[in-house]
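Below, each chain spelled out in residue letters.
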Amino acid sequence: MSQLYVNEPSAQVGVRDGRIEIKYSDGMNKSLPIESIDGISLFGPVSISTHCIRECIERGIDVQYYSTTGKYFGRLGSTSHVNVARQRMQARLGDNESFRLALAKRIIRAKIHNQTVVLRRYTRSSDTIVDQEITAMKNYEAKIEGCQKIDELMGYEGIAARSYYDALSTLVVPEFRFTGRSRQPPLDAFNSMLSLGYTILMYAVYGALENRGLNPYFGFLHSDADKHPTLASDMMEEWRAVIVDSVVMSMVNGHEIKSENFYSVPDEPGIYLDKTGFNAFIGKLERRFAVDQKYLHDAEYAVSFRRAINLQALSLAQAIEAEDAGLYTPIIVR
């Protein structure tokens, strides 16, 4: 199963005889078995037929809408997954500081650990030394267990993140050097890919949480924010470096993308992927989602990263129902 991405202006998505059909403005057509698709992401002025929407809803295939530059607008999906009892428990645990703190510690420790692993991987093929940043991050990771408040914990997470991005920026080829994390809008090519990747990752997590009957807006780590899926934001933390950052670093240092694959809008801030760069990045990201791995604690066999995200959503649901954050084990890479 895979995600279908359509970003061709004026493309039309429909369904016929059990196959998703995409018709492009240049006359080209594409056809895929609907059974091979678990989600459809539409970027920019792409249309989808009413019949196709209904078929997707009946089959539990989410349809997501984004702007041309990757801003998320919304989604269409079935309500068959709604679990009211589970969501009531989830909401109640949002006021349980002990559960929240225990869960946050597990996730943030995993996030920082995974970030240091990514840094070490890329120092092997670089003359740049980032031992100082890695040591600092490991020190912050060690402090997590002693935190008594969520705010204290998230403070260490933020400091570790700054060290991480500072180190990451020195490991990329000079063409893609950047200064810290920038978003809404991204101010350089590297951050442009990070932002797009993180948005796609967030809504992959969002869909997994919904499919397990959880409410993506009732979170535990981050502060509540209107119109922001806080739980999805919480649960994507362990995956950022593992999936998105690894893809961006691989593309940049592997010379799979160039600075001319990005553009800016006159008199407006922001750097964005052009059509060629977008297709290359999305293709690489989707292949990463499809990679089988054995990092998941509870899986006795290799599963794809996309499948692992769904299994982690189930694990979180079980931890919520048992009111025991210790039942949730974040992904830890080596």
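Please refer to the structure placed before this passage.
Parameters and conventions
- Residues numbered from 1 in each chain as written.
- Predicted model: local features only at pLDDT ≥ 70, side-chain atom pairs only at ≥ 80, totals over all residues.
- Heavy atoms only, no water.
- Helix = DSSP H or I, 4+ residues; strand = E, 2+ residues; numbered from the N terminus.
- Expected span 1.5 Å × (residues − 1).
- Buried < 20%, exposed > 50% of the residue type's maximum accessible area, 1.4 Å probe, protein only.
- Arc of directions from axis to C-beta.
- Contact = heavy atoms within 4.5 Å.
- Axes fitted to C-alpha atoms, helices over the stretch in contact; angles between N-to-C directions.
- Parallel < 35°, antiparallel > 145°, perpendicular 65-115°, else oblique.
- Core = buried A, V, L, I, M, F, W, Y, C linked by side-chain atoms within 4.5 Å.
- Phe/Tyr/Trp six-rings, centres within 6.5 Å; stacked < 30°, edge-to-face > 60°.
- Pairing = 2+ DSSP bridges.

Novice: Tell me about helix α4 (residues 131-143), and please be specific about residues and values.
Specialist: For α4, with 13 residues, the first-to-last C-alpha span of 18 Å sits near the 18 Å given by 1.5 Å per residue. Of all the positions in α4, only Ile 134, Met 137 and Glu 141 are classed as buried. All buried residues of α4 project into a common sector of 65 degrees when viewed along the axis, lining one side. The exposed residues of α4 that point more than 90 degrees off its buried face are Gln 132 and Ala 142. Turning to α4, the residues buried within the fold contact α3 (97-123) and α5 (150-171).

Novice: Give me the lowdown on the packing of α3 against α5, citing residues and values where you can.
Specialist: Between α3 and α5, the least distance of the axes is 10 Å, while the angle of their chain directions is 10 degrees. Judged by the angle between their axes, α3 and α5 are roughly parallel.

Novice: Please set out the nonpolar core residue by residue, giving values where relevant.
Specialist: Counting residues in hydrophobic clusters, the biggest one holds 92 residues, and the most contacted among them are Phe 176, Phe 190, Ile 243 and Phe 281. Per-element tally for this core: the top contributor is helix α6 (residues 189-211), with 15 residues.

Novice: Run through the side chain of Asn 261, naming residues and quoting values.
Specialist: Note that Asn 261 resides in the loop between α8 (240-253) and β9 (262-263). Since its relative accessible area comes to 14%, Asn 261 is described here as buried. Those residues within four positions of Asn 261 in sequence are excluded, and the remaining contacts are Tyr 272, Leu 273, Asp 274, Thr 276 and Gly 277.

Novice: Account for the packing of aromatic side chains, with residues named and values stated.
Specialist: According to the stated counting rule, one finds 14 aromatic pairs in the structure shown. Both rings, one in Tyr 203 and one in Tyr 206, keep their centres 5.5 Å apart while their planes meet at 40 degrees; by these two values the pair is tilted. Pair noted here: Tyr 203 and Tyr 206 are both in helix α6, with a separation of three residues, about one helical turn. Each member of the pair, Tyr 203 as well as Tyr 206, carries the same accessibility label: buried. Here a set of aromatic residues connected by ring pairs shows up, and it is made of Tyr 5, Phe 43, Tyr 66, Tyr 72, Tyr 203, Tyr 206, Tyr 217 and Phe 278.

Novice: So what about the pairing of strand β4 (residues 29-33)? Which residues, and what values?
Specialist: Consecutive side chains along a regular strand alternate between the two faces of the sheet. Pairing between strand β3 (residues 19-23) and β4: five bridges, direction antiparallel. Bridge pairing in β4 links Ile 22 to Lys 30. Counted along the chain from β3 to the antiparallel partner β4, the turn is five residues long, and its residue Gly 27 has a positive phi close to 95 degrees.

Novice: Run through the sheet that holds strand β1 (residues 2-6), naming residues and quoting values.
Specialist: What the four strands build is an open sheet, ordered β1-β5-β7-β8; its pairing is mixed. Both outer strands of the open sheet, β1 and β8 (72-76), are each paired with one neighbouring strand and no more. Direction aside, neighbouring strands of the sheet carry axes that sit 20 degrees apart on average. Sheet topology places β1 next to strand β5 (residues 37-43); five bridges connect them, and they run parallel. Each residue of the ladder has a partner; that of Tyr 5, found in β5, is Ser 41. Helix α9 (residues 275-289) rests against β1 and β5 of the sheet, and its axis sits at about 170 degrees to β1.

Read these as geometric descriptors, not functional statements.
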